[in-house]
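Residue-level structural notes
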Amino acid sequence: MKTRTLSLTMTALFCALTAVLAPLTVTLPVTLVPFSLSLIPVFLTGAVLPKQNALLAQVCYLLLGLAGLPVFSGFSSGAGVLLGPTGGFLLAYPASAFLMAWILEKRFSVPRLALALAAGLLTCYLMGSLWYCAVGHVGYLQALAAAVLPFVLWDALKALCAGLAAAALRKANRMLDASAGRKRGAEGGGR
């Protein structure tokens, strides 16, 4: 029961982290897509949580925004944001987090983490740019130029920061698990 409670608590924390960081944006003059910190918690969600929880955390984040809480970029909310030109990037968050967690499910290593982060970012770019094409009635190259290319360097930097944080969080979690196991063993052995 404690494990399930901890798992749900972590899921809620990653949802909340996304809700806190995603509204903080800077709009660049060359594109409609704002520069935000939202990918950092999405990357962390996928790199730290199990796949079902990673998916749930990001779906809950979207539901918060859909319900009217100002958790999308620029403190916006509602279906209009999800159906707008940048909605595909938001809708990609659950898929990106799930894919990253799935890649890291069997074994966590630095190369697998790099692969997971790249896969998560590419998923976000693909879904977001295709949505941008459809809603904005523009060609794919124009969508890439407006909604992806200005952000590649910054998103790679976000992935690096999130990867370092995820590795540290996983290491701390392993140390806590080992400490709890030793404590349980010591308590059980003395009876």
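Scope of this entry: the structure provided in the associated data block.

Scoring rules and cut-offs
- Residues numbered from 1 in each chain as written.
- Predicted model: local features only at pLDDT ≥ 70, side-chain atom pairs only at ≥ 80, totals over all residues.
- Heavy atoms only, no water.
- Helix = DSSP H or I, 4+ residues; strand = E, 2+ residues; numbered from the N terminus.
- Contact = heavy atoms within 4.5 Å.
- Areas by Shrake-Rupley, 256 points an atom, 1.4 Å probe, with all protein chains shown as cover.
- Lys, Arg positive; Asp, Glu negative; His and termini not counted.
- Charge placed at Lys NZ, Arg CZ, Asp CG, Glu CD.
- Axes fitted to C-alpha atoms, helices over the stretch in contact; angles between N-to-C directions.
- Parallel < 35°, antiparallel > 145°, perpendicular 65-115°, else oblique.
- Left-handed = near helix turned anticlockwise from the far one by under 90°.
- Nonpolar A, V, L, I, M, F, W, Y, C, P; charged D, E, K, R; others polar.
- Patch = residues over 30% accessible without salt bridge, like charges linked within 9 Å, V, L, I, M, F, W, Y side chains within 5 Å.
- Salt bridge = Lys/Arg side-chain N within 4 Å of Asp/Glu carboxyl O.
- Buried < 20%, exposed > 50% of the residue type's maximum accessible area, 1.4 Å probe, protein only.
- Phe/Tyr/Trp six-rings, centres within 6.5 Å; stacked < 30°, edge-to-face > 60°.

1. Observations regarding the overall build of the protein chain
When helices and strands are counted, the protein chain shows eight helices and two strands. Sequence-ordered secondary structure for the protein chain, helices as α and strands as β, is α-β-β-α-α-α-α-α-α-α. Dimensions of the protein chain along its principal axes, counting C-alpha atoms only, are 70 × 35 × 25 Å. Taking contacts inside the protein chain between residues at least 6 apart in sequence as the whole, the part at least 24 apart equals 67%. Of the roughly 10,300 Å² that the protein chain leaves accessible, carbon and sulfur atoms contribute 73%. Taking the average place of the 14 positive charges on the side chains of the protein chain and the average place of its 4 negative ones, the gap between the two points comes to 4 Å.

2. Things to note about the packing of helix 3 (residues 51-66) against helix 5 (residues 87-104)
It is at 8 Å that the axes of helix 3 and helix 5 come closest, and there the two elements cross at 170°. As judged from the angle between their axes, helix 3 and helix 5 are roughly antiparallel. Read as a crossing pair, helix 3 and helix 5 show a hand that is right-handed. Contacts between helix 3 and helix 5 pair K51, A54, L55, Q58, V59, Y61 and L62 from the former with L90, L91, Y93, P94, A97, F98, A101 and W102 from the latter. The residue inventory of the contact of helix 3 with helix 5, partitioned by class, reads 13 nonpolar, one polar and one charged.

3. Side note on a nonpolar patch on the surface
Together, L55, V59, L63, L66, F98 and W102 make up an exposed nonpolar region whose accessible area comes to about 510 Å². It is helix 3 that provides the largest number of residues to the nonpolar patch, a total of four residues. Examined against the element boundaries, V59 turns out to sit in helix 3. Judged by its relative accessible area of 32%, V59 is partly exposed.

4. A short note on the packing of aromatic side chains
What the rule picks out here adds up to three aromatic pairs. Taking the centre distance of 5.7 Å and the plane angle of 80° together, the rings of Y61 and F72 count as edge-to-face. Residue Y61 is located in helix 3, and its partner F72 is located in the loop between helix 3 and helix 4 (79-83); the two are separated by 11 residues in the primary sequence. As far as the burial class goes, Y61 and F72 line up, both buried.

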